[in-house]
Amino acid sequence: MPLRIAIIADFPWASLDGSATGRGGGQGCTWLPQLAENFERHPDLEIHWISLDRRGAGGESVRKYGQHFVRLKGTSVSVDLALGCLPTRRTMRKYLRALKPDIVHAWGTESIYPVALRDFKGPTILSMQGVLTEYKRIGGLPDDWRWRRMIAGEAAMIRSATIVTCESGWGMAKVKEVVPTAHCRMVEYGVHPRFFDVPWQPDAAKPYVLYVGGTGTRKGFDLLLDALAHIPDRKWELRLAGDDAMRAEVERRGLKDVECLGLLAWDEMEKQLRGAWASVLPTRGDTSPNSVKEARVIGVPVITSRHGGQAGYIRDGENGRLVDPLTDESLAEALTDVMSSHDRAIALGHGRHQEDRDYLSAERTAKGFADIYRELAKGGGPR
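Residues numbered from 1 in each chain as written. Predicted model: local features only at pLDDT ≥ 70, side-chain atom pairs only at ≥ 80, totals over all residues. Heavy atoms only, no water.

- Labelled according to an unreviewed UniProt entry, the protein appears under the name Glycosyltransferase family 4 protein, originating from Luteolibacter flavescens.

This is the structure we're talking about:
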C-alpha cells in the first residue's frame with residue numbers, strides 16, 4: 001500500500017490549469033507547483049494537497065500529477081486569528097479524520113496551517129517558510145495585531161511537529177533559538193524548472209544590477225540606496241523590481257540612474273534576469289530568498305549578506321560577493337567590484353554555476369521530502 005501523505009499548504013491553485021506558475025503569477029508559495037510535479041516520480045506516495053479558500057468558498061477537488069488537490073471552505077485569516085485559529089483546527093481535524101493519512105505535513109507558520117498538527121496523533125512535519133520570531137527581532141514585520149498573534153503562536157507550532165524542515169542552516173539555527181529541542185532537517189525548496197531554461201546574456205554595453213524585493217528594512221533596501229551615495233560616478237544602472245513605494249523613496253532621495261520596474265510578470269522577470277550583470281539583495285534575514293536562487297540557476301552573480309540561507313551556497317569571490325560586515329560602505333565596495341568590468345561579472349556568474357543548479361533543483365527537493373516520509377513511516381526520526 002502506498003504511504004498516504006496529507007500536505008496542508010497554500011498551494012497555488014492557478015498553477016493546476018497553467019494560468020499562473022512561478023513568481024509573478026499573483027500567488028505565494030511559488031515553490032510548491034514544481035514540488036508537486038516532481039512528486040509524480042514517487043508512485044509509492046499517495047499525496048493529498050489540502051488548502052483553505054479564505055474567501056468562504058471551497059469544495060473544489062482536482063486530480064493531477066497522480067495526486068489529489070482539495071480546497072476546503074475556510075474563513076478569513078483575521079477572523080481565524082481572532083478566534084484562536086479554532087476554525088482552521090476544526091476544519092482540518094474533521095477532514096483528516098476521514099482521510100486517515102499516515103503522515104501530516106504542514107507549511108508555513110505565517111499561514112497558520114500548522115495548528116492542525118496538534119490534533120494529529122501520527123508523525124508530522126512542519127516546513128518553515130520564514131522564521132517570524134527572527135523577522136520580528138530584526139524589525140522585518142509590520143506592527144500589526146495579526147502578525148503579533150502569529151509570532152506568539154510560532155513556538156507552539158514548532159513544538160507540535162515531529163520534524164521541522166528548513167531551507168538552510170541559517171533557518172535551522174533560528175528555529176533552534178525559538179525552540180531548542182526542535183528536530184530540524186534541511187531541505188532546500190528549489191527553483192521552478194522554467195528558470196533553468198533562461199540563458200544569461202548580459203550586454204557589455206548595458207550594465208545594470210537588479211534588486212528584487214520590497215522597501216522594508218529586512219531586505220536591506222535602505223542599505224542599498226545608502227550605498228549608491230558612495231558611488232557617485234558609477235557607470236551602471238540600478239533596476240528595482242517591487243512595489244510602488246520604491247519609486248517614492250528613489251524620488252525623495254533624488255537618485256539618478258535608478259529605474260523602478262514595478263511588480264513584474266514572470267516573463268518580464270526572466271527578461272530582466274537574463275540581461276543583468278548582477279543581482280543584489282543586502283538582506284538582514286532570510287531563510288533562503290527566491291530572488292537569489294532564481295539568479296543563480298540562470299547564472300547571474302549575486303551580491304548579498306551572510307544573514308540568510310543564501311550564504312550557504314553564495315561563495316565570496318566565486319559566484320558573487322558576501323558583504324560582511326553589512327554596511328552601506330561595504331555594500332558599495334562589493335557593487336563596485338562586481339560591476340568593475342563585464343569580464344569580472346561574467347567570471348563570477350560562471351563560478352559554481354553547475355553546482356548551484358544541481359543544489360537548487362526541484363527534483364532534489366522532492367526526493368528530500370520523500371525520504372523523510374519513508375523514514376517516519378518506518379518508525380524512524382526523533383524519539
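So that's the structure; there's more coming.
Thoughts on empty space enclosed by the protein
- Taken as a whole, this structure holds two cavities of 30 Å³ or more when the rule is applied.
- Considering the residues around the second largest cavity, the lining is formed by L210, V212, M269, L273, S279, S291 and E294.
- Those elements giving two or more residues to the lining of the second largest cavity turn out to be β9 (208-212), α10 (266-275) and α11 (290-298).
- Per-class residue counts for the lining of the second largest cavity are four nonpolar, two polar and one charged. (1 Å grid on protein atoms, 1.4 Å probe; cavity = no way out; pocket = protein on both sides within 12 Å on 5 of 7 lines; lining within 4 Å. Points joined across faces, edges and corners; volume = space filled by probe spheres on them. Helix = DSSP H or I, 4+ residues; strand = E, 2+ residues; numbered from the N terminus. Nonpolar A, V, L, I, M, F, W, Y, C, P; charged D, E, K, R; others polar.)

Thoughts on a nonpolar patch on the surface
- Among the surface-exposed residues, V79, L83 and L86 lie close enough to one another that they form a single nonpolar patch of about 250 Å² accessible area.
- Looking at the secondary structure, you find V79 in helix α2 (residues 77-82). (Patch = residues over 30% accessible without salt bridge, like charges linked within 9 Å, V, L, I, M, F, W, Y side chains within 5 Å. Areas by Shrake-Rupley, 256 points an atom, 1.4 Å probe, with all protein chains shown as cover. Salt bridge = Lys/Arg side-chain N within 4 Å of Asp/Glu carboxyl O.)

Considering the nonpolar core
- One finds Y211, L238, L240, V280, I303, L331 and L335 to be the most contacted residues of the largest nonpolar core, which totals 55 residues.
- Ranked by residue count, the leading element in this core is helix α8 (residues 221-228), at six residues.
- Apart from residues no more than four positions distant in its own chain, L335 is found in contact with V209, L224, A227, I231, W236, V280 and I303.
- Judged by nonpolar contacts, the second largest core, of 38 residues, contains L52, V70, L72 and V179. (Core = buried A, V, L, I, M, F, W, Y, C linked by side-chain atoms within 4.5 Å. Buried < 20%, exposed > 50% of the residue type's maximum accessible area, 1.4 Å probe, protein only. Contact = heavy atoms within 4.5 Å.)

Observations concerning the environment of P43
- Residue position: P43 is located in the loop between α1 (32-39) and β2 (45-53).
- P43 gets classed as exposed once you look at its relative accessible area, which sits at 71%.
- Expressed as a C-alpha distance, the spacing of P43 and P2, which sit 41 residues apart in the sequence, is 7.6 Å.

Points about the packing of α8 against helix α12 (residues 328-338)
- The interhelical angle for the contact between α8 and α12, taken along N-to-C directions, is 70 degrees, at an axis separation of 8 Å. Relative to α12, the element α8 lies roughly perpendicular. Note that α8 runs across α12; the crossing there is right-handed. Packed against α8, whose contacting residues are L223, L224, D226 and A227, the element α12 presents D328, L331, A332 and L335 at the interface.
- Classifying every residue of the contact of α8 with α12 by side-chain character gives six nonpolar, no polar and two charged. (Axes fitted to C-alpha atoms, helices over the stretch in contact; angles between N-to-C directions. Parallel < 35°, antiparallel > 145°, perpendicular 65-115°, else oblique. Left-handed = near helix turned anticlockwise from the far one by under 90°.)

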